[in-house]
Amino acid sequence: MNKDGLDVAPGLLPASFPRGMALLQDPTLNKGTAFTQAERDVLGLTGLLPPHVNTQDAQVARVLENFRRKASDLERYINLAALHDRNETLFFRLVVDYPDEMMPIIYTPTVGLACQQFGHIFQRPRGLFISTRDRGNVAGILRNWPHRHVAIIVVTDGERILGLGDLGANGMGIPVGKLALYTAGAGVHPTQCLPVLLDVGTNNEALRRDPLYLGLDEPRATGHVYDSLVDEFVHATQEVFPGVVVQFEDFANHNAFRLLERYRDRVPSFNDDIQGTAAVALAGILSALRVTGGTLAQQTILFQGAGEAATGIADLAVAAMVAAGMPETDARRRCWLVDSKGLVVAERTDLAEHKRRYAHAHAPVRDLAAAVNLLRPTAIIGVAAVGGAFTPDVLRAMATINERPIVFALSNPTSKSECTAADAYEHTGGRALFASGSPFAPVARADRTHVPRQGNNSYIFPGVGMGAIVSRTRRVTDEMFLVAARTLAAQVTEADLAQGSLYPPLPAIRDVSAHIATAVASVAYRRGIAGAPEPADLLAHVKAAMYEPRYATYVA
Ligand code: NAD
């Protein structure tokens, strides 16, 4: 397959190449009004299109005008989904050229709304829906997918969509959106991407009562039925698409950790909610330390939340401290978790397995505000999906304890954010080193304008995925996320830091991803787990492999 997704050289079209209306209705090949006169003549398109031939840039201007005319973000989402369905190249051109405007629509925060409304805004299917009724035939379903070069699958069971809970089959919006970011952010070819929704039912009663709900109308399967579906699916992925990377997405706690442990050493797989989040948050902390001047080992990090994101970030921070020479038990004591019952401490008997390694000896503490005053953290990281949890009191306390408090309000969507950017700066006298899960506009204050940036996983996972694909790694390891975090932090400039930005600008994402992919692939080669031959110049090789959303020439 070449970079245009064609199996042939331009100009040498196979007899099976679609013509006429079938070509206009194939989103992977369609160029719409940009088909040249020669292509229109040869491919039976004359008369099916208005006579004027557009450049791709002119088409971008048109779709942008229509996009901006929409009255709400949900309308913009529907508008982009329709473009994706009719002209994939133009869709990706738009996302690549206008990432600041498009990414919050195709992914967080708007994708959350789109998932909630999935059955109501549904137009055309995208991705594969595999349900518990399909057990025994999962490989057959994967073979129904029209593309044979699938290199990465994003799969969810819809049980914990963003901070919105169980959305059942409505969760398909997440793999679809995430894979669009693999393509836009790191140049993974669209035909290499496969979104999958495992429909095991839903416990969301309101959804099941909705006559327009499109998933199975039954409670969630558990136990053997659930496990056997996931197991059959994971094995089938490797049978049908050998070596394909499987990214687990938005599974609830009780499945996310154990599925990751079960499959990470068997197939190239990772969980972005745990590992991708960890890398992006660690990168933000490393950037913040360039401002404060401290080392990671000197930090006390307090998490509001004790789930996938919190323990994932804590584990990677510990790995980084250990790599810098700190004993693991000491490193773990630098990280503290608060869950819905208060501080996670050793004497508690109600703790799930994944929290126990951070259950330190300490008297019980009832909530975050009390924990801040007692532990005097240098950083607070909000990942509990409890909107407003960073109260003015918490923020003021952080500013009293620290000259430059690190405050990451990572919960999504925006309504779940622990505080707004304006609040973070307001209650810390403009001293907070702030990052967020959902986007916030720059905040103008008397001293200066702060430009907060999103601790967005999309800085990490596209590059990790591309690195895994390019090297054909047999495993996706923690070391890969550690190098991804360091690489991301290294892409932040002094000018970024000076305006309060702990991440690079989104328009730099493809360059950032190329460097992350290179670092990740290097680990695969160094550890002897790569399946592809090592190129002499890895960065150049990665860049050359990246899909560019430009039209192929079908007829010279
Ligand atoms: P999760 O369900 O695994 O964890 C949520 C945790 O919050 C649980 O441990 C729960 O005990 C705790 N919690 C619930 N109520 C609480 C309360 N009142 N006080 C303190 N803790 C409470 O979910 P997750 O995957 O860890 O994600 C959590 C949030 O972080 C979501 O909003 C998600 O969108 C967001 N997130 C953001 C990013 C990012 O911005 N890069 C990445 C991943 C997750």
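How each quantity is defined
- Residues numbered from 1 in each chain as written.
- Predicted model: local features only at pLDDT ≥ 70, side-chain atom pairs only at ≥ 80, totals over all residues.
- Heavy atoms only, no water.
- 1 Å grid on protein atoms, 1.4 Å probe; cavity = no way out; pocket = protein on both sides within 12 Å on 5 of 7 lines; lining within 4 Å.
- Points joined across faces, edges and corners; volume = space filled by probe spheres on them.
- Helix = DSSP H or I, 4+ residues; strand = E, 2+ residues; numbered from the N terminus.
- Nonpolar A, V, L, I, M, F, W, Y, C, P; charged D, E, K, R; others polar.
- Near = heavy atom within 4 Å.
- Polar contact = N/O pair within 3.5 Å; in protein donor to acceptor, adjacent residues only side chain to side chain.
- Areas by Shrake-Rupley, 256 points an atom, 1.4 Å probe, with all protein chains shown as cover.
- Sits in = over half its atoms within 2 Å of the grid points.
- Buried < 20%, exposed > 50% of the residue type's maximum accessible area, 1.4 Å probe, protein only.
- Contact = heavy atoms within 4.5 Å.
- Pairing = 2+ DSSP bridges.
- Axes fitted to C-alpha atoms, helices over the stretch in contact; angles between N-to-C directions.
- Expected span 1.5 Å × (residues − 1).
- Parallel < 35°, antiparallel > 145°, perpendicular 65-115°, else oblique.
- Left-handed = near helix turned anticlockwise from the far one by under 90°.

> In this structure, what is going on with empty space enclosed by the protein? I would like to understand it.
Where empty space is left in the structure can be found by rolling a water-sized probe over the atoms. This model, assessed by the stated rule, comprises two cavities of 30 Å³ or more. The volume enclosed by the largest cavity comes to roughly 380 Å³. Taken together, the elements giving at least two residues each to the lining of the largest cavity come down to α4 (73–86), α8 (118–121) and α10 (173–186). By residue class, the composition of the lining of the largest cavity is 15 nonpolar, four polar and three charged.

> In this structure, what is going on with the site of the ligand? I would like to understand it.
Lining the immediate environment of the ligand, one finds 26 residues, of which Arg160, Asn253, Ala309, Gly455 and Asn457 sit closest. The contact in question runs from an oxygen atom of the ligand to an N or O atom on the side chain of asparagine 253, over 2.3 Å. Interatomic distance of 3.4 Å between a backbone N/O atom of serine 340 and a nitrogen atom of the ligand. Relative to its unbound accessible surface of 850 Å², the ligand loses 84% to contact with the protein. Because more than half of its atoms lie within 2 Å of the grid, the ligand is assigned to the largest pocket. Among the secondary structure elements, those contributing two or more residues to the shell around the ligand are α14 (272–292), α15 (308–323) and β7 (335–339). Class assignment of the residues belonging to the shell around the ligand gives a composition of ten nonpolar, twelve polar and four charged.

> Whenever I open this one, helix α6 (residues 99–106) confuses me. Can you help?
An α-helical turn contains 3.6 residues, so any two residues separated by three or four positions project in the same direction. Summarising burial for α6: six of the eight residues are buried, a large majority. Those residues of α6 lying buried are Pro99, Met102, Met103, Pro104, Ile105 and Ile106. If you follow the buried residues of α6, they end up packed against α3 (56–69), α4, α5 (88–97), α7 (110–116), α10 and α24 (509–526).

> Quick question: what am I supposed to make of the sheet that holds β7 here?
Within a sheet, adjacent strands bond to each other through the backbone by hydrogen bonds, running parallel or antiparallel. Strand order in the open sheet formed by seven strands is β8-β7-β6-β9-β10-β11-β14, and the pairing between neighbours is mixed. Both outer strands of the open sheet, β8 (342–343) and β14 (453–454), are each paired with one neighbouring strand and no more. Bridge count between strand β6 (residues 301–304) and β7: four bridges; the pairing is parallel. Looking at β7, one finds that glutamine 304 is bridged to valine 338. Here α14 sits on the sheet in contact with β6, β9 (379–382), β10 (406–409) and β11 (433–436), set at roughly 155° to β10.

> Looking at this model, I keep getting lost on α10. Mind explaining?
Here α10 contains 14 residues, and its C-alpha end-to-end distance of 20 Å stays within 8% of the 20 Å for a straight helix at 1.5 Å per residue. Counting buried positions along α10 yields 14 of 14 residues, so the element is predominantly enclosed. Directly after α10, the chain includes glycine 187, whose backbone phi takes a positive value near 75°.

> Looking at this structure, I do not really get the layout of surface pockets. What am I missing?
A volume near 800 Å³ is recorded for the largest pocket. In this structure, the largest pocket is lined by 44 residues; those nearest its centre are Arg160, Leu162, Ala309, Val383 and Ser411. If you tally residues by element for the lining of the largest pocket, the top one is α14, at four residues. For the lining of the largest pocket, the class distribution of residues is 15 nonpolar, 18 polar and eleven charged.

> Can you help me understand the packing of α4 against α5 in this one?
How two helices pack is summed up by the angle between their axes together with the distance between the axes. Where α4 meets α5, the axes come as close as 5 Å, and the angle between the chain directions of the two elements is 135°. For the element pair α4 / α5, the angle class is oblique. The segment α4 lies against α5, with Leu80, Leu83, His84 and Arg86 engaging Glu88, Leu90, Phe91, Phe92 and Leu94. Its residues assigned to classes, the contact of α4 with α5 shows six nonpolar, one polar and two charged.

> Any chance you could explain the packing of helix α22 (residues 478–490) against α24 here in plain terms?
Interhelical geometry of α22 versus α24 gives an angle of 145° and a closest axis separation of 9 Å. Relative to α24, α22 is oriented so that their crossing is right-handed. Contact with α22, carried on its side by Glu479, Met480, Val483, Ala484, Thr487 and Leu488, involves Val512, His515, Ile516, Ala519, Val520, Val523, Ala524 and Arg526 of α24 and no other residues of that element. Among the residues forming the contact of α22 with α24, the class breakdown is ten nonpolar, two polar and two charged.

> Can you help me understand the sheet that holds strand β2 (residues 152–156) in this one?
The parallel open sheet is built from five strands, whose spatial order is β1-β3-β2-β4-β5. Edge positions in the open sheet fall to β1 (128–131) and β5 (269–271), since each of these has one partner strand only. Strand after strand, the sheet turns through a mean of 25° between neighbouring axes, direction not considered. Pairing geometry for β1 and strand β3 (residues 193–199), over four bridges, is parallel. The residue of β3 that forms the bridge with phenylalanine 129 is leucine 197. Helix α13 (residues 253–263) contacts β4 (245–248) and β5 of the sheet and is inclined by roughly 160° relative to β5.

Purely geometric numbers; function is a separate question.
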